[in-house]
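As a plain string of letters, each chain reads:
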Amino acid sequence: MLAAGGFSALAEEGPAAGTKFPDPIPWAPLKTEQLIKSPKEAINVFDFELVARANVPPAHFGFMASGVDDEVTLRANREGFLKFQLLPRRLLDVSRIDQSIELFGMKWDSPVAIAPTGGNKAYHPDGDVAVAKAAKLGNHLQILSTQASTSIDDAIKARGAPVWFQLYATPSFDIATALVKRAESAGSPVVAVTVDRVAGRNQETFVRLRSTDIRTCSGCHDNTSPQASVRSKPNFAGIDVAGAGVKNLQSANMTWDFIRRLRDTTKMKIVLKGIVTAEDAKLCVENGVDGFIVSNHGGRGEDNGRSTVDALPEILEATQGRIPVLIDSGFRRGTDVVKALAMGASAVCIGRPYLWGLGAFGQAGVERVLDIMRTETGAAMAQCGAASVKALSPGLVRRA
C-alpha cells in the first residue's frame, strides 16, 4: 500500500508504468503523526492509542501493548472477527435500540463491560477511579483487578454501584481467601477467578520498549520478593504474603478442588476467567460455577494462535445456555461486539481500548471510548434488525 501522501505526488507526476493501486484506495488513511487533541476529535477507539503512546512512559505502554512470544494470538484476536459476517435484516422497527443486559440480577445499560487491568495509575494518575467514574456515566459493568492501583472499596465508591472483583488467587488458598473476603465485605457481588496465569511469559514488546525508558524502574517497582511486589497494590493491604511462603504469585497449582473450596468460603457468584475450550466449558457447568469469561488474556497469557471469538461457537454449544458466558480479547468495534452477542455471549469485556483512552485523556478519554463503542454497537444492532440485545440470535451471524 502506498504511503500517505503518495497519491498526491502521483497526481502531479502521473503513475509509473505498471502501477497497481489498492482497491479501494485509502483516500483518508490514519496519519500517525497527527494526534487528536481532545476526546471529541476521536473517530474510533484507535485514535486514542497513538495519543496514549505519546503520553505514557515507554515501559508502561509496552507492558500494556505486549502479547507474548511472536504475538500470534494478539493478532489472531483481531483477525478472528473476519471469519464471521453479520447478516443485515430489513423492514424491522429499529428506531429505538435497547443495549441493556442483565447479569446475576443486575441490569447494565450496555453489553460492553470493563475488563480487569492492573496498575492503571501507570497510564494516568487517576487510574481505576477515572475508569470507574467513566463506567458510571454509561452504566457499564466494571471488573476490578487484584493488581489494581485502587482498592475494591474505593472503586465501588467511585463507580456508585457494585464492581466485580477479579482474583489472581496466588499459590496460597489463604491469600486467595483473604482477597475474596475483602471484596465481599466491600460489597462486590461476583469474583472472577483468573485461571490462565500459570507460568511466566516472554513479553518482547514490553522488554524492548522498557529498554528505551530513561527512568529507573526500581524506583517504583520492587520485585525482589512477592511481598515487596504487592506493596503498591491496595487490595493486598494487611495480607501477609511473606508468611504464606509463596515464591511467586502465579496460580500454577490451582485445580477444580480450589474452586469447590472457594464456593464454601464465599457467598459471591463465582465466574472463571480464561476458558477457551469446549472441554473446560463443560467442566465449568459440571462443577457448578456461575459463569465464565472466554478469554486468552488479550493474547498476553500464551501464544496458541487462536482468537476467543473463533472459540466462542463451540463453547456456547457445550454450555447450551445453562450459565452466562462473557468474552474478551481483541474487541475494538461495535460489529465485533454484535457478532459475539448474536452468537450467544452474555456480554463483551474490553481492556486495551479504555486504557488507550485513559492514557490519552484520563477519565474523559475513557468516557469517549465507551461512547464510541456504544454508538457503533447500536448501529450494528440496527443493521441486523435487532432493537434489543435479546433480539440478536445466531441466525444473524454466518461463518465466512
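Since this is a predicted model, take the numbers as computed values, not measurements.

### Some words on helix H14 (residues 352-361)
Among the 10 residues in H14, 9 count as buried, and that is most of the element. Within the sequence span of H14, burial applies to Arg352, Pro353, Tyr354, Leu355, Trp356, Gly357, Leu358, Gly359 and Ala360. Looking at the residues trailing H14, positive phi occurs at Gly362, about 70 degrees.

### Considering the packing of aromatic side chains
Scanning the model with the defined rule gives 6 aromatic pairs in all. Ring centres of Phe46 and Trp356 lie 6.0 Å apart, and the angle between their planes is 40 degrees; this geometry places the pair in the tilted category. Of this pair, Phe46 sits in helix H2 (residues 46-55) while Trp356 sits in helix H14, placing them 310 residues apart in sequence. By relative accessible area, Phe46 is classed as partly exposed at 25%. Among the residues examined, Trp356 registers a relative accessible area of 3% and is labelled buried. Seen from their ring centres, Phe63 and Phe206 are 5.5 Å apart, and the 80 degrees between their planes marks the pair as edge-to-face. Placement of the pair is Phe63 in helix H3 (residues 58-65) and Phe206 in helix H8 (residues 204-210), with a sequence separation of 143 residues. What makes Phe63 partly exposed here is its relative accessible area of 31%. It is Arg261 that lies over the ring of Phe173; its NZ or CZ is 3.9 Å from the centre. A cation sits over an aromatic face here: Arg300 above Phe63, 4.7 Å from the ring centre.

### Notes on the pairing of strand E6 (residues 164-167)
Residues Trp164 and Gln166 point to one face of E6 and Phe165 and Leu167 to the other, with burial holding for every one of them. As paired strands, strand E5 (residues 143-144) and E6 are joined by 2 bridges and run parallel to one another. Across the sheet, residue Ile143 finds its bridge partner in E6, namely Trp164. Following the backbone out of E6, through helix H7 (residues 173-186) and into the adjacent parallel strand E7 (residues 190-194), one traces a crossover that is right-handed.

### Description of the sheet that holds E6
Pairing in this open sheet of 8 strands is parallel, and the strands run E4-E11-E10-E9-E8-E7-E6-E5 from one edge to the other. Each edge of the open sheet is held by one strand with a lone partner, namely strand E4 (112-114) and E5. Bridging between strand E10 (residues 325-327) and strand E11 (residues 347-350) involves 2 bridges; their strand directions are parallel. Across the sheet, the residue bridging to Leu326 is Ala347, located in E11. Its contacts with the sheet place helix H10 (residues 256-265) against E7 and strand E8 (269-275), and it is angled at close to 155 degrees to E8.

### Structural notes on the state of the cysteines
Counted under the stated rule, the structure contains 0 disulfides. Just so you know, Cys284 is unpaired, no disulfide at all, and the nearest cysteine sulfur is the one on Cys349, 15 Å from it.

So, how was this worked out
Residues numbered from 1 in each chain as written. Predicted model: local features only at pLDDT ≥ 70, side-chain atom pairs only at ≥ 80, totals over all residues. Heavy atoms only, no water. Buried < 20%, exposed > 50% of the residue type's maximum accessible area, 1.4 Å probe, protein only. Helix = DSSP H or I, 4+ residues; strand = E, 2+ residues; numbered from the N terminus. Phe/Tyr/Trp six-rings, centres within 6.5 Å; stacked < 30°, edge-to-face > 60°. Lys NZ or Arg CZ within 6 Å of the ring centre and 35° of its normal. Pairing = 2+ DSSP bridges. Right-handed = clockwise from strand over helix to strand, strands pointing away. Contact = heavy atoms within 4.5 Å. Axes fitted to C-alpha atoms, helices over the stretch in contact; angles between N-to-C directions. Disulfide = S-S within 2.5 Å.

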